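Structural description and commentary
For reference, the chains in residue letters:
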Number of protein chains: 2
Amino acid sequence: MPPIRRVAIVGGTHGNELTGAYLAKKFAALPQLVQRSSFESTVLLANPLAFAARQRYLERDLNRCFSPENLQDAAALSYEDNQARAIYQQLGSGAAKADFILDLHSTTANMGLTIILTNRHPFNLRMAAYLSGLHPAVKIYFWMDSQTTFLRSISKFGCAIEVGPVAQGLLDAALFEQTQALVYSVLDYLEAQNRGVDLKIADRLTLYECTAMVDYPKTEQGDLAAMIHPQLQSRDYQPLQSGDAIFLGFDGTTIHYSGELAYPVFINEAAYYEKGIAFCLTQQQQISLAD
Amino acid sequence: MPPIRRVAIVGGTHGNELTGAYLAKKFAALPQLVQRSSFESTVLLANPLAFAARQRYLERDLNRCFSPENLQDAAALSYEDNQARAIYQQLGSGAAKADFILDLHSTTANMGLTIILTNRHPFNLRMAAYLSGLHPAVKIYFWMDSQTTFLRSISKFGCAIEVGPVAQGLLDAALFEQTQALVYSVLDYLEAQNRGVDLKIADRLTLYECTAMVDYPKTEQGDLAAMIHPQLQSRDYQPLQSGDAIFLGFDGTTIHYSGELAYPVFINEAAYYEKGIAFCLTQQQQISLAD
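If you're wondering where the values come from, they're calculated on a predicted model, not measured in any experiment. (Residues numbered from 1 in each chain as written. Chains lettered and ligands numbered in written order. Predicted model: local features only at pLDDT ≥ 70, side-chain atom pairs only at ≥ 80, totals over all residues. Heavy atoms only, no water.)

With respect to the environment of A:Ser37
Residues and elements named next belong to chain A.
- With respect to the helices and strands, Ser-37 occurs in the loop between α1 (18-29) and β2 (40-45).
- According to the relative accessible area criterion, Ser-37 is exposed, its value standing at 58%.
- Taking the C-alpha atoms as reference points, Ser-37 and Glu-191, separated by 154 residues in sequence, lie 7.5 Å from one another.
- With residues near it in sequence (within four places) discarded, Ser-37 still touches Glu-191 and Arg-195.
- Of note is the side chain of Ser-37, whose polar atom sits 2.6 Å from the side chain of Glu-191.
- A polar side-chain atom of Ser-37 sits 2.7 Å from a polar atom in the side chain of Arg-195. (Helix = DSSP H or I, 4+ residues; strand = E, 2+ residues; numbered from the N terminus. Buried < 20%, exposed > 50% of the residue type's maximum accessible area, 1.4 Å probe, protein only. Contact = heavy atoms within 4.5 Å. Polar contact = N/O pair within 3.5 Å; in protein donor to acceptor, adjacent residues only side chain to side chain.)

Considerations on the confidence of the model for chain A
- Of the residues in chain A, 100% have a pLDDT of 70 or more, and the chain-wide mean is 96.
- Across the interface, the model reports ipTM at 0.94; the global pTM reads 0.96. (pLDDT = per-residue confidence, 0-100.)

Remarks on the sheet that holds strand β3 (residues 100-106) of chain A
Residue and element names in this part refer to chain A.
- One open sheet accounts for eight strands, arranged β2-β1-β3-β6-β4-β5-β7-β11; its pairing is mixed. Single-partner strands in this sheet number two, and they are β2 and β11 (279-288). Going from strand to strand, the sheet's axes swing by 25° on average, the running direction of each strand aside.
- Bridge count for strand β1 (residues 6-11) against β2 is six bridges, and the pairing is parallel. Opposite Val-10, over in β2, you have Leu-44 as the bridge partner.
- Along the sheet, helix α4 (residues 79-91) contacts β1, β2 and β3; its crossing angle with β2, the most-contacted strand, is approximately 175°. (Pairing = 2+ DSSP bridges. Axes fitted to C-alpha atoms, helices over the stretch in contact; angles between N-to-C directions.)

Focus: the interface of chain B and chain A
- Contacts between the two partners involve 27 residues from chain B and, on the opposite side, 27 residues from chain A.
- Of the roughly 2,300 Å² buried at the junction of chain B and chain A (both faces included), carbon and sulfur atoms supply 63%.
- Three residues stand out in chain B for area buried against chain A, namely B:Leu171, B:Met227 and B:Phe250, and they jointly supply 23% of the buried area on that side.
- The tally of links from chain B across to chain A stands at two salt bridges.
- A:Lys25 is paired through a salt bridge with B:Asp223; the nearest N and O atoms lie 2.6 Å apart.
- Only α1 (18-29), α6 (173-195) and β8 (226-228) of chain B provide two or more residues apiece to the side of chain B that touches chain A. (Buried area = accessible area lost by both parts, 1.4 Å probe. Salt bridge = Lys/Arg side-chain N within 4 Å of Asp/Glu carboxyl O.)

Regarding the nonpolar core
- If you look at the biggest cluster of nonpolar residues, it comprises 138 residues, and the most contacted ones within it are A:Phe100, A:Leu190, A:Phe279, B:Phe100, B:Leu190 and B:Phe279.
- In contact with A:Phe279, not counting residues within four places along its chain, are A:Ala212, A:Met213, A:Val214, A:Ile228, A:Leu232, A:Leu240, A:Ile246, A:Phe247, A:Pro264, A:Val265, A:Phe266 and A:Ile267. (Core = buried A, V, L, I, M, F, W, Y, C linked by side-chain atoms within 4.5 Å.)

Notes on the domain arrangement of chain A
Residue and element names in this part refer to chain A.
- If you check the domain split of chain A, you get domain 1 (6-202) and domain 2 (212-277).
- A straight line from the C-alpha centre of domain 1 to that of domain 2 covers 28 Å.
- Between domain 1 and domain 2, the contact holds 17 residues from the first and 14 residues from the second.
- Between domain 1 and domain 2, a total of about 1,300 Å² is buried, with carbon and sulfur atoms accounting for 54% of that surface. (Domains from an automatic or database assignment.)

A few points about unusual backbone geometry
Residue and element names in this part refer to chain A.
- Cis geometry marks the peptide bond from Gly-164 to Pro-165; its omega dihedral reads 10°.
- For Pro-165, the position within the fold is in the loop between β6 (157-164) and α6 (173-195).
- One non-glycine residue, Ser-234, adopts positive backbone phi at about 75°.
- Here Ser-234 shows up in the loop between β8 (226-228) and β9 (245-249).

Side note on α4(A)
- For α4(A), with 13 residues, the first-to-last C-alpha span of 18 Å sits near the 18 Å given by 1.5 Å per residue.
- Structurally, α4(A) contributes buried residues whose contacts are with β1, β2, α2 (48-53), α3 (68-71) and β3 of chain A. (Expected span 1.5 Å × (residues − 1).)

Concerning the sheet that holds strand β10 (residues 254-256) of chain A
All names here are of chain A.
- Read from one edge of the open sheet, three strands run β8-β9-β10, paired in antiparallel fashion. Here the strands that pair on one side only, and so sit at the sheet edges, are β8 and β10. Neighbour-to-neighbour, the strand axes of the sheet open up by a mean angle of 35°, direction not taken into account.
- Two strands pair when backbone bridges link them, and β9 and β10 are joined in this way by three bridges, in the antiparallel orientation. The residue of β10 that forms the bridge with Phe-247 is Ile-255.

Quick word on the side chain of B:Thr114
- When you line up the elements, B:Thr114 lands in strand β4 (residues 112-117).
- Setting aside anything within four residues of it in sequence, one finds B:Thr114 in contact with B:Lys139, B:Tyr141, B:Ala160, B:Ile161, B:Glu162 and B:Tyr237.

Focus on the relation of the copies chain B and chain A
- Of the transformation superimposing chain B on chain A, the axial component is 0.0 Å and the angular component is 180°, with the fit at an RMSD of 0.0 Å. Read as a symmetry element, the transformation amounts to a two-fold axis. Residue B:Ala167, judged by its C-alpha, is the member of chain B lying nearest the rotation axis, at 2.3 Å.
- Both copies contact each other with a shared surface, as 100% of the interface residues of chain B are interface residues in chain A too. (Least-squares fit on C-alpha atoms with pLDDT ≥ 70 in both.)

Considering the state of the cysteines
Residues and elements named next belong to chain A.
- Evaluation of the coordinates by the stated rule reveals zero disulfides over all chains.
- The thiol of Cys-159 is not disulfide-bonded; the next cysteine sulfur, from Cys-210, is found 17 Å away.
- We classify Cys-159 as buried; its relative accessible area is 0%.
- Cys-280 takes part in no disulfide bond, and the closest cysteine sulfur, belonging to Cys-210, lies 4.8 Å away.
- With relative accessibility at 0%, the residue Cys-280 sits in the buried group. (Disulfide = S-S within 2.5 Å.)

Points about the packing of helix α5 (residues 122-134) of chain A against α6(A)
Residues and elements named next belong to chain A.
- Relative to each other, α5 and α6 sit at 130°, their axes nearing to 10 Å. Taken together, the axes of α5 and α6 are oblique relative to one another. As for the relative orientation of α5 and α6, their crossing is right-handed in sense. Residues Phe-123, Arg-126, Met-127, Tyr-130, Leu-131 and Leu-134 of α5 form the contact with α6, whose participating residues are Leu-182, Ser-185, Val-186, Asp-188, Tyr-189, Leu-190 and Gln-193.
- Class assignment of the residues belonging to the contact of α5 with α6 gives a composition of nine nonpolar, two polar and two charged. (Parallel < 35°, antiparallel > 145°, perpendicular 65-115°, else oblique. Left-handed = near helix turned anticlockwise from the far one by under 90°. Nonpolar A, V, L, I, M, F, W, Y, C, P; charged D, E, K, R; others polar.)

Written as structure tokens, this is what we have:
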């Protein structure tokens, strides 16, 4: 494949996810931290008004605005729609088109350091294997983005880094530093690939593929009727079996899981209450990277 | 002292603190849970529009609107100013005036179950001693509210319950249930006091009195220059001594504490970034309740 010449590092796509936003601000102030000899790096604070307001977004979720239909929809006039078009202009077209996008997110779920892939290109899978070999705590989550609504879908190559648990609107210094180290490792991978340097990369990869979303139990009026059960809370990437407790009703009743073995993630993500997602079910897969 | 006849249980004073908001909704739907024979209970969701928006407030912090000056200020026209006047009408004056206010809050800081007192009336101190005897994890925080800006300052008797760590905009079922149990214990105390029932109450109380606020290091432009240091993160109510690390700069430098022995609380509270509070220093005090 051709070398990666232009890398975009994006933070603050969600304005209240401060880890990525402040990493972007740091890299913008000290660009030498993310420059490497074989490619150029662009740093972007993607949703500056939402960041200033410490909100996820002003009018709609920017990270759901990047489908080709939406980018061309003359009736899509929200601040985030306009911002998406501006970002697409900058990173998705013309001479400065990004070859690789790294989008920095955080979650209130206990997902540790997660690499989110939205396609199975071998270049991305090998990068994921490299990162999980280097940082054993790294998990690989595969979230097919068939409508290409995510910011990082602008480029075939790239990933999101999702770190947690961290509350919205605050900085956890330990997670900040771990995320920063992971960014540098991504850049090291790109530099080595560009320069033809052999990296030690395992030929197998464990990947968690999103297969279903589970909503909270609701009242007839559509309000929450239950919470994530304490026995499920914080157990992201742990096996979930039929009969396990998943919800605790406000009336004290326990609701149990019924279904095939799964590995839930995004358990109790604050931003997903409004999306009707209490957690995402994944299947654990072993991927061979042998040629 | 005269009996407590009217109790107000308030949640959602901050719209993104869901523990108290959903407890208030539960108690409003099932009022028998908070009724006792010797007093009436009123349940209030204090900031319904902020709760609907899952924001702390719409225009200004409702829990800083209750000073007499502000309540009488004809130029104070924000949604929260109007809401404060309406709440004062309901709970602070006339025949339905609340004798006791219990205001339910949550924090992103690791404060466990905290009772916040804003005055040292023996009735409140004895209640705090009763609660900490019943629930050994309970801590008592004294935050003098000399301007009486807090909602609960409407009444001389009462307290806030502050639970954490919990992110804004989500429910932690374990903390929800612990907070609920603590509410019932408060009601039990009031009922026993009204009925002249002797309660087992220790004659000593450990109290943490707020003595100073510490802001984040800032850049010349007023932006954050540092984060809570990992060695301070989550160590609410632990002793802080001169030389201990308190901040980690984005450039990797560590900033150390200089001052007398203190016990910090509200460490890394998300809502306090905009208030210029990284943590609050307290002094630990032993209070005698002997007559």
